[in-house]
Amino acid sequence: MDWGGAVSLPSYLKPRPLWPRRHRPCGRLLRNLMVYSNGHVGACDCVDFDASSELILGNVAQMSLAEMWNGEQIRKIRSDWKTGRRIPAICSKCHTYRPGPVS
């Protein structure tokens, strides 16, 4: 694992191929949210170390977790991925991708 590119792998290690991502959103987007120390809430608990990616759904000071979990923004992220329209940039580089259930 290279922590989403934050750590360089030695030249003798090669990243293993990942499951095809098209039409299979990462399971992390379907299971949980991440609340950062600054109150930002992300759709992924994995590689968005500084809470600045397009997966940030809002801030707990302005919106409830339930509103973010059921909100239009996360629905659009999931839908765009399932239809193959768009995979978030941070996800396309992530090496800890876990395919979600087929639906």
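Remember, predicted model here, so these are calculated numbers, not experimental data.

**Thoughts on the overall build of the chain**
Part 1 of the reasoning: If you tally the helices and strands in the chain, you get 4 helices and 3 strands.
Part 2 of the reasoning: Of the regular secondary structure in the chain, the N- to C-terminal order runs α-β-β-β-α-α-α.
Part 3 of the reasoning: Scored against the burial criterion, the 103 residues of the chain give a buried share of 36%.
Part 4 of the reasoning: Sequence-distant contacts in the chain: of pairs separated by 6 or more residues, those separated by 24 or more amount to 56%.
Part 5 of the reasoning: Taken as a whole, the chain presents about 6600 Å² of accessible surface, with 56% of it coming from carbon and sulfur.

**Overview of the side chain of R28**
Part 1 of the reasoning: Here R28 is to be found in helix α1 (residues 28–31).
Part 2 of the reasoning: Reaching out from R28, the side chain makes a polar contact with the side chain of D45 at a distance of 2.9 Å.
Part 3 of the reasoning: Among all residues touching R28, those that are not within four sequence positions of it are A43, C44, D45, C46, T96 and R98.

**Topic: the packing of aromatic side chains**
Part 1 of the reasoning: On inspection of all chains with the given rule, the structure shows 0 aromatic pairs.
Part 2 of the reasoning: The lysine or arginine in question, R78, covers the ring of W69, its NZ or CZ lying 4.7 Å from the ring centre.

**A look at the nonpolar core**
Part 1 of the reasoning: The biggest cluster of nonpolar side chains holds 17 residues, and the ones touching the most others in it are L29, A43, L55, L57 and W81.
Part 2 of the reasoning: Secondary-structure elements contributing two or more residues to this core are α3 (72–83) and α4 (89–92).
Part 3 of the reasoning: The leading source of residues in this core is α3, at 3 residues.
Part 4 of the reasoning: Discounting residues that sit within four places of it in the chain, A43 has contacts with R28, L29, N32, L33, L55, L57 and I74.

**Here we look at the environment of N32**
Part 1 of the reasoning: Secondary-structure assignment places N32 in the loop between α1 and β1 (34–35).
Part 2 of the reasoning: For the pair N32 and A43, spaced 11 residues apart in the sequence, the C-alpha separation amounts to 7.0 Å.
Part 3 of the reasoning: Setting aside chain neighbours within four positions, we find N32 in contact with A43, D45 and W69.
Part 4 of the reasoning: Side chain to side chain, N32 and D45 meet in a polar contact 3.1 Å long.

**Points about the sheet that holds strand β3 (residues 56–59)**
Part 1 of the reasoning: An order of β1-β2-β3 is seen for the 3 strands of this open sheet, with the pairing classed as antiparallel. The sheet terminates laterally at β1 and β3, the two strands that pair on one side only.
Part 2 of the reasoning: Sheet analysis places β1 next to strand β2 (residues 40–42), joined by 2 bridges and oriented antiparallel. Each bridged residue has a counterpart across the sheet, and for M34 the counterpart in β2 is G42.

**Observations concerning the confidence of the model for the chain**
Close inspection of predicted coordinates is inappropriate in any region flagged by low pLDDT.
Part 1 of the reasoning: Looking at the chain as a whole, the pLDDT averages 82, with 82% of positions reaching at least 70.
Part 2 of the reasoning: Of all helices and strands in the chain, the one with the weakest mean pLDDT is α4 (84), whereas helix α2 (residues 65–69) scores best (96).

The rules behind these values
- Every residue gets a number counted from 1 within its own chain, in the order that chain's sequence is written.
- Local features are withheld for residues below a pLDDT of 70 in this predicted model, meaning they are given only at 70 or higher, and side-chain atom pairs are given and counted only at 80 or more; totals for whole chains, interfaces and linings count all residues.
- Side-chain numbers here rest on the full set of heavy atoms in the structure, without hydrogens or water.
- Each helix is a run of DSSP H or I of at least 4 residues and each strand a run of E of at least 2, with the numbering of both proceeding from the N terminus.
- Per-residue accessibility, obtained with a 1.4 Å probe over protein chains only, is compared with the maximum for each type, and a residue is labelled buried under 20%, exposed over 50%, and partly exposed between these values.
- Whether two residues touch is decided by their heavy atoms; if any such pair falls within 4.5 Å, the residues are in contact.
- Using the Shrake-Rupley algorithm and a 1.4 Å probe, accessible areas are obtained, with residue cover drawn only from the displayed protein chains.
- N or O atoms closer than or at 3.5 Å make up a polar contact, with two conditions inside protein: a donor-capable atom paired with an acceptor-capable one, and, for residues adjacent in sequence, both atoms drawn from side chains.
- A pair of aromatic rings is counted whenever rings of Phe, Tyr or Trp (Trp by its six-membered ring) have centres within 6.5 Å, and the orientation is called stacked for planes under 30 degrees apart, edge-to-face for over 60 and tilted otherwise.
- Ring-over charges, as used throughout, are those where CZ of Arg or NZ of Lys falls within 6 Å of the ring centre and within 35 degrees of the ring normal.
- Residues belong to a common nonpolar core when they are buried Ala, Val, Leu, Ile, Met, Phe, Trp, Tyr or Cys residues joined through side-chain atoms within 4.5 Å.
- Pairing between strands is defined by DSSP: at least two bridges between them are needed.
- Every residue is assigned a pLDDT by the predictor, reflecting its confidence on a scale from 0 to 100.

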